[in-house]
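Tertiary structure, described
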Amino acid sequence: MVSIQTEREVEAPVHGSATAVGIDLGVVRLATLSEGTIYGPRNSFRQHQAGLRKAQQSMSWKKKFSQNWKRAKARLACLHIRVANARRDYLHRASTAISKNHAIVCIEDLRVRNMSSSAAGSMQSPGSKVRAKSGLNRSILDQGWAELRRQLEYKLAWNGGRLIAVPAINTSRTCPECGCTGQGNRKTQARFCCVECGYEANADLVAAINVGRAGLARIACEVNDGVSRQQQEPTSFAA
C-alpha cells in the first residue's frame, strides 16, 4: 500500500444565497423553518419497532453463545443498522437542502442528553410518569436532532454558510409581533395565541421565527463588537 499526501490552496467558499432561516426542532415535526418549510418525522425506529421486538425475543429464547443465538443476534444487528441508515439518509437529504438554500441557519441549542434522560428515579425517590417519559425519550432519540445539527454545521461550512446555535428558552412562548412572553401564549402544544395582541400561528413556526431573529441579533452583536475593537486599537504611524 502507498499513501500520498498533497497540499493545495483552496479559496474560501462563498454561498450562493444570502438568506437566513431559523429552525425549530420537534417530535411531531422534525424541523420547521421560519419561511414555512416543514420536514416531517422519519420515525425509522417506530416503523421497525415490532420487528426489533420479535428479534430480541427470538434471541432471548435461545441458549447464549450458541450458533442459533449468534444468528439471531446477527439478524437483530441488521435491523438496527437498517433503522440507523434510514434515519441518516433522511437527515442527509434534509440537511443538504437546507444548507444549499440558506447561507445562515439558526438552530436551537438543545441538550439532547438531558432532554432524553430517564425519569425512573431511584428506590428512595421514584419518579412519576415514567412510562410517558420513556415514550417521549424514544421519540426524541428517533429524530436524530444532534446528527442533523452536525450535518448542517459541516455542510454549511463547505458551502460558505454558517450555523448559529441559540438558547431555546421561551422561543415558542414569545410573540414575534409584540414581544410578549408568557406561558399563556401557548394554549396547546401546536397552537400559539398571544394574550396581548391576539397573534395566532403554529407554535413551531413561531419558535422558528424567534430562533432566526435571535441568531441574526447575535451576528449583529458580533459585528458591532468587531467594529468597536478596531476603533479602540491604537494606530501606529511609521517615522
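Before any of the text, the structure's been laid out above.
About the thresholds
- Residues numbered from 1 in each chain as written.
- Predicted model: local features only at pLDDT ≥ 70, side-chain atom pairs only at ≥ 80, totals over all residues.
- Heavy atoms only, no water.
- Core = buried A, V, L, I, M, F, W, Y, C linked by side-chain atoms within 4.5 Å.
- Buried < 20%, exposed > 50% of the residue type's maximum accessible area, 1.4 Å probe, protein only.
- Helix = DSSP H or I, 4+ residues; strand = E, 2+ residues; numbered from the N terminus.
- Contact = heavy atoms within 4.5 Å.
- Phe/Tyr/Trp six-rings, centres within 6.5 Å; stacked < 30°, edge-to-face > 60°.
- Salt bridge = Lys/Arg side-chain N within 4 Å of Asp/Glu carboxyl O.
- Pairing = 2+ DSSP bridges.
- Axes fitted to C-alpha atoms, helices over the stretch in contact; angles between N-to-C directions.
- Expected span 1.5 Å × (residues − 1).
- Arc of directions from axis to C-beta.
- Parallel < 35°, antiparallel > 145°, perpendicular 65-115°, else oblique.
- Left-handed = near helix turned anticlockwise from the far one by under 90°.

Note that soluble globular proteins tend to have their nonpolar side chains buried in a common cluster. Judged by nonpolar contacts, the single largest core of 21 residues is most densely connected at Ile23, Leu25, Val105 and Leu152. Elements that contribute at least two residues to this core include exactly strand 1 (20-25), strand 2 (31-33), helix 3 (67-101), strand 4 (104-108), helix 6 (145-159) and strand 5 (162-166). With near-sequence residues (within four places) excluded, leucine 152 lies in contact with Ile23, Ser95, Ile98, Ser99, Val105, Ile107 and Leu163. Formed by eight residues, the second largest nonpolar core is a distinct cluster that contains Ala55, Met59, Ala72 and Leu76.

Counted by the stated rule, this structure contains three aromatic pairs. For the ring pair tyrosine 154 and tryptophan 158, a centre distance of 4.8 Å and an interplane angle of 65° mean the geometry is edge-to-face. Taken together, the residues tyrosine 154 and tryptophan 158, both in helix 6 and four residues apart, mark about one turn of the helix. Take tryptophan 158: its relative accessible area is 62%, and that puts it in the exposed class.

This next bit is on the pattern of salt bridges. Taken as a whole and assessed by the stated rule, the structure comprises six salt bridges. Here aspartate 142 and arginine 87 are joined by a salt bridge, their closest N and O atoms 3.1 Å apart. Taken together, the positions of aspartate 142 in helix 5 (residues 130-143) and arginine 87 in helix 3 put the pair 55 residues apart, joining distant regions of the chain. Residue aspartate 142 is classed as buried on the basis of its relative accessible area of 5%. Residue classification places arginine 87 among the buried residues on the basis of a relative accessible area of 18%.

Another point: the sheet that holds strand 2. Here five strands make up an open sheet; going across it, the order is 3-2-1-4-5 and the pairing mixed. Strands at the two margins of the open sheet, each flanked by one partner only, are strand 3 (38-39) and strand 5. Taken together, the three bridges between strand 1 and strand 2 define a ladder with antiparallel strand orientation. Across the sheet, the residue bridging to aspartate 24 is threonine 32, located in strand 2. Against the sheet, helix 6 touches strand 1, strand 4 and strand 5, its axis set at about 140° to strand 5.

Turning our attention to helix 2 (residues 49-60). A rise of 1.5 Å per residue sets the reference length of helix 2, with its twelve residues, at 16 Å; its end C-alpha atoms lie 16 Å apart and thus fit the reference within 8%. Buried within helix 2 are the following residues: Leu52, Ala55 and Met59. Burial along helix 2 is one-sided: seen end-on, the buried residues are contained in an arc of 65°. Along helix 2, exposed side chains directed more than 90 degrees from the buried face belong to Lys54 and Ser60. On the buried face of helix 2, the contacting elements are helix 1 (44-47) and helix 3.

Attention shifts here to the pairing of strand 5. As a general feature of sheets, a regular strand has side chains that alternate between the two faces. Among the five residues of strand 5, four are classified as buried, and the element is accordingly described as predominantly covered. In the sheet, strand 4 pairs with strand 5 via five bridges, with the strands oriented parallel. Each bridged residue has a counterpart across the sheet, and for valine 105 the counterpart in strand 5 is leucine 163.

Further remarks concern the environment of glutamate 200. Here glutamate 200 shows up in strand 7 (residues 200-202). In the structure, glutamate 200 is positioned 178 residues away from glycine 22 in sequence and 19 Å away in space, judged by C-alpha atoms. Beyond its immediate chain neighbours, meaning those up to four positions away, glutamate 200 contacts Arg191, Phe192 and Cys193.

Once that is clear, we can look at unusual backbone geometry. Phi is mostly negative for residues that are not glycine, and the peptide bonds are mostly trans. Positive phi is not limited to glycine here, since asparagine 43 has a value of about 50°. By relative accessible area, asparagine 43 is classed as buried at 12%. The residue asparagine 170 is not glycine, and still its phi comes out positive at about 60°. As for its position among the elements, asparagine 170 is in the loop between strand 5 and strand 6 (191-193).

The interhelical angle for the contact between helix 2 and helix 3, taken along N-to-C directions, is 160°, at an axis separation of 9 Å. By the criterion of interaxial angle, the relationship of helix 2 to helix 3 is roughly antiparallel. You can see that helix 2 and helix 3 cross each other, and the crossing is left-handed. Residues Gly51, Leu52, Ala55, Gln56, Ser58 and Met59 of helix 2 form the contact with helix 3, whose own contacting residues are Trp69, Ala72, Lys73, Arg75, Leu76, Leu79, His80 and Val83.

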